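Coordinate analysis (summary)
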Amino acid sequence: MTDIYSLTYDGLREKLGSIGEKPSRADIIFPAVYGELAGSFDGLPLKEETLDTLRSEFSFGAPERLQTLTSETADKYLWRLSDGCTVESVLMKHEFGYNICVSTQVGCNMGCAFCVSGRLKRRRDLILSELVGQVVGTVLHSGIKPGGISIMGIGEPMENLDNVLDFIGIMAYPKGFDIGIRHITISTCGVVPGIYKLAQSEYPVNLAISLHAPDDELRGRLMPVTRRYPISEVMYAARDYSERLNRRITLEYVMLDGVNDSDECAVKLAELIGDMNAYVNLIRYNPGENSEFACSPHERIMGFYDTLKKHGVGVTMRRSLGDTINAACGQLSAGSSDT
Ligand code: SAH
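The shown structure was predicted, so the numbers you read here are calculated from the model rather than taken from an experiment. (Residues numbered from 1 in each chain as written. Predicted model: local features only at pLDDT ≥ 70, side-chain atom pairs only at ≥ 80, totals over all residues. Heavy atoms only, no water.)

Here we come to the packing of helix α6 (residues 192-200) against helix α8 (residues 231-245). Contact pair α6 / α8: the axes reach a minimum separation of 9 Å and the direction vectors enclose 5 degrees. Between α6 and α8, the crossing angle belongs to the class labelled roughly parallel. The segment α6 lies against α8, with Val192, Ile195, Tyr196, Leu198, Ala199 and Gln200 engaging Glu233, Val234, Tyr236, Ala237, Ala238, Asp240, Tyr241, Arg244 and Leu245. Here the residues of the contact of α6 with α8 sort into 11 nonpolar, 1 polar and 3 charged. (Axes fitted to C-alpha atoms, helices over the stretch in contact; angles between N-to-C directions. Helix = DSSP H or I, 4+ residues; strand = E, 2+ residues; numbered from the N terminus. Parallel < 35°, antiparallel > 145°, perpendicular 65-115°, else oblique. Contact = heavy atoms within 4.5 Å. Nonpolar A, V, L, I, M, F, W, Y, C, P; charged D, E, K, R; others polar.)

Next comes the structure, spelled out in structure tokens:
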């Protein structure tokens, strides 16, 4: 049996061909699977014989929901995958609508010093059906269809980019979730080849880069990935992305008390950005357990904000959603084996 959620639209066409069915049946099946979230082939306008073949060839394998934690601003879902691994996704409730934040790996190897998810060793990449399953499962449970997707849960999406691109294709499918690529965002810690690959892909979605420091020395201490891809290379790739696609890049910057929040850092950051089409998204640091870091005080965040503004840089503050249920940035920590 093939899990229907493991196939792209083209993959489904191919599979139908290989079992002696018309590939064009995909135009009936895909809208039912993703538009109506039918969960079965019952009632499709196809011959009973065809339906029987479909039933014997395909399964609908959404992940098992282990837990949902609810708050005013976000609901956190814990999923159990077929091999017993667990991952988390978050339904974020913004004033302007709903977003689902998905994980891309079981655990994460990037080892960012301030991030809880980074302490879980990466066990494996999520496969397409597991990426799709987080959204399907969340929508079926909540009854809410998201207006946008944030690919910024546990894991580094650029290390699993082929599956992530297939996933985006399914999210964007017009007769399904129909989420425009401008409502989908990938956040990367700065894996440079992934940025170029995304730029050339069919789905150049919004790009957010976790920068968090304006020079390699400090960034290297916070984010080991800096040793592989120094800031100059990351910024070069970001500029290329924004120019080639005429898009504004987001630079994420988590405010760590006494670490990266000085005015000097803000000035350096502004110089780094220069005339690039980018803005800075300041993120309040969400402390994890036994964290050696603290969030900058509010006045310092505002000071940093003002300094960036004074230097002509666009700045926004990320509203922290879900911090009361440990569902905010850097607080997702599932990803080990059986829970
Ligand atoms: N691996 C990707 C996506 C996951 S993290 C990336 O690094 O971008 C999503 C965002 O949350 C990143 O900007 C990350 O640096 C930030 N983050 C991690 N830990 C955090 C914490 N404790 N508080 C606030 N933001 C955090």
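Time to look at the pairing of strand β10 (residues 184-188). With respect to burial, β10 is a largely interior element, 5 of its 5 residues being buried. Going residue by residue along β10, you find Ile184, Ile186 and Thr188 tucked away on one face and Thr185 and Ser187 tucked away on the opposite face as well. Relative to β10, strand β9 (residues 148-151) runs parallel, the two being bridged by 3 bridges. Among the inter-strand pairings, Ile151 is bridged to a residue of β10, identified as Ile186. Regarding topology, helix α5 (residues 161-172) serves as the crossover connection from β9 to the parallel β10, and that connection is right-handed. In this structure, β10 lies alongside strand β11 (residues 206-210), joined through 4 bridges in parallel fashion. When the bridges of β11 are listed, Ser187 appears paired with Ala208. Running through α6, the crossover from β10 to the neighbouring parallel element β11 is right-handed. (Buried < 20%, exposed > 50% of the residue type's maximum accessible area, 1.4 Å probe, protein only. Pairing = 2+ DSSP bridges. Right-handed = clockwise from strand over helix to strand, strands pointing away.)

Let's shift gears to the environment of Ser59. Within the secondary structure layout, Ser59 lies in strand β2 (residues 58-59). With residues near it in sequence (within four places) discarded, Ser59 still touches Met1, Thr2, Asp3 and Ile4.

It is worth spelling out the packing of aromatic side chains at this point. Taken as a whole, this structure holds 12 aromatic pairs when the rule is applied. Plain terms: the ring middles of Tyr9 and Phe30 are 5.7 Å apart, the flat faces sit at 75 degrees to each other, and that makes the pair edge-to-face. Here Phe30 lies in helix α2 (residues 26-35) and Tyr9 lies in helix α1 (residues 9-18), a separation of 21 residues in the sequence. Judged by its relative accessible area of 1%, Phe30 falls in the buried class. Aromatic rings pair up to connect Tyr5, Tyr9, Phe30, Tyr34, Phe41, Phe58, Phe60, Tyr173 and Phe177 into one cluster. (Phe/Tyr/Trp six-rings, centres within 6.5 Å; stacked < 30°, edge-to-face > 60°.)

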